[in-house]
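One letter stands for each residue in the lines below.
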Amino acid sequence: MIKLAILASGTGSNAENIIRYFDRHPKIQVACVVSNLKEAKVLEKAENLHIEHRAFSKQAFLEENTVVKYLQSRADFIILAGFLLKIPGNMLAAYPNKIINIHPALLPKFGGKGMYGMSVHKAVKDTGETETGITIHFINENYDEGAILFQAKTAVSKKDSPEDIAANIHKLEQTHFPEVIEKILT
Ligand code: GRF
């Protein structure tokens, strides 16, 4: 079995979708969900889906080996699904080309520090883009700059609000993220 750890800071709709997709999968299994926020909704979702879950402090993520040890004893790959802390060097070293992120835009556009959640979709709207999309990529030491594994696009019309754009991106994420993970890992 290939075991996954999902790291997430927010609602966890992607995490839930991935957990459901790999439920009873012959080769891939979600082993745990880890957050940097103990009140993150993703932890409730993991609880309801009977997946081991845990929150660690920001300090534990950034300054100690605790989280890496926890992950290494449980997971072969790490999936970032709305995880808002920068991945520390010790985690990158422990998981070379084994950390996969989803970004809600067509990288290299609209990436980098501060570009997450609605700020991405507002920036897409403000610059008058006619399309946007999702990028699934490996993580390296710089934000949003690892090798791109997959992109899917959606049109942006003049009438679309940032919320409309977010809803279209959400659909793309739900459709593609688990399948792309499956393809990369098998
Ligand atoms: C998604 O838009 C994803 O692209 C990202 O953060 C968001 C997480 O949403 N990087 P959710 O918590 O899975 O609902």
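Just above, that's the structure.
Everything numeric here is computed off the predicted structure, so don't read it as measured data.

Turning next to the site of the ligand. Taken together, Thr 11, Gly 12, Ser 13, Asn 14, Gly 82, Ile 102, Pro 104 and Glu 173 are the residues near the ligand. Ser 13 places a polar side-chain atom, nitrogen or oxygen, 2.5 Å from an oxygen atom of the ligand. Note that a nitrogen atom of the ligand is positioned 2.9 Å from one of the backbone N or O atoms of Ile 102. Within the complex, the protein chains bury 79% of what would otherwise be the 360 Å² of accessible surface of the ligand. By residue class, the composition of the shell around the ligand is two nonpolar, five polar and one charged.

Sheet strands line up and pair through hydrogen bonds in the backbone, either parallel or antiparallel. The seven strands lie next to each other as S3-S2-S1-S4-S5-S6-S7, forming an open sheet whose pairing is mixed. The strands lining the two open edges of the sheet, one partner per strand, are strand S3 (52–55) and strand S7 (148–155). Pairs of neighbouring strands in the sheet enclose a mean axial angle of 20°, with direction left out of account. With six bridges connecting them, strand S1 (residues 2–7) and strand S2 (residues 28–35) associate as parallel partners. Each bridged residue has a counterpart across the sheet, and for Leu 4 the counterpart in S2 is Val 30. Its contacts with the sheet put helix H7 (residues 162–185) on S1, S2, strand S4 (77–80), strand S5 (99–103), strand S6 (131–138) and S7, and the angle it makes with S6 is roughly 30°.

What follows concerns helix H2 (residues 41–48). For H2, the full list of buried residues reads Val 42, Leu 43 and Ala 46. In a view along the axis of H2, the buried residues occupy a sector of 100°, so they form one face of it. Buried residues along H2 sit in contact with helix H1 (13–22), S2 and S3. Immediately downstream of H2, the backbone of His 50 shows phi near 60°, a positive value.

Conventions we followed
Along every chain, residues carry numbers that run from 1 in the direction the sequence is written. The model is predicted, so local features are restricted to residues of pLDDT at least 70 and side-chain atom pairs to those at 80 or more, both for listing and for counting; the totals for chains, interfaces and linings are taken over all residues. Side-chain numbers come from the whole structure's heavy atoms, not from hydrogens or water. Distances are taken per atom, and a residue is near a molecule or strand as soon as one of its heavy atoms is within 4 Å of it. Any pair of N or O atoms that falls within 3.5 Å is considered a polar contact. Within protein, one atom must be able to donate a hydrogen and the other to accept it, and sequence-neighbouring residues count only if both atoms are side-chain atoms. Note on areas: Shrake-Rupley, 1.4 Å probe, and residue coverage restricted to the protein chains presented here. For this classification, the nonpolar set comprises Ala, Val, Leu, Ile, Met, Phe, Trp, Tyr, Cys and Pro, the charged set comprises Asp, Glu, Lys and Arg, and every other residue, Gly included, is treated as polar. Between any two strands, pairing holds if DSSP finds at least two bridges. Under the scheme used here, helices are H or I runs from DSSP no shorter than 4 residues and strands are E runs no shorter than 2 residues, and both carry numbers assigned from the N terminus. Every axis corresponds to a line fitted to the C-alpha atoms, with the helix fit spanning only the stretch in contact, and the corresponding angles, defined between N-to-C directions, vary from 0 to 180 degrees. Here, two residues are considered to be in contact whenever any of their heavy atoms come within 4.5 Å of each other. Remark: exposure states derive from per-residue accessible area (1.4 Å probe, protein chains only) relative to the maximum for the residue type, with buried under 20%, exposed over 50%, and partly exposed in between. Note that the arc is computed from the directions linking the helix axis to the C-beta atoms.

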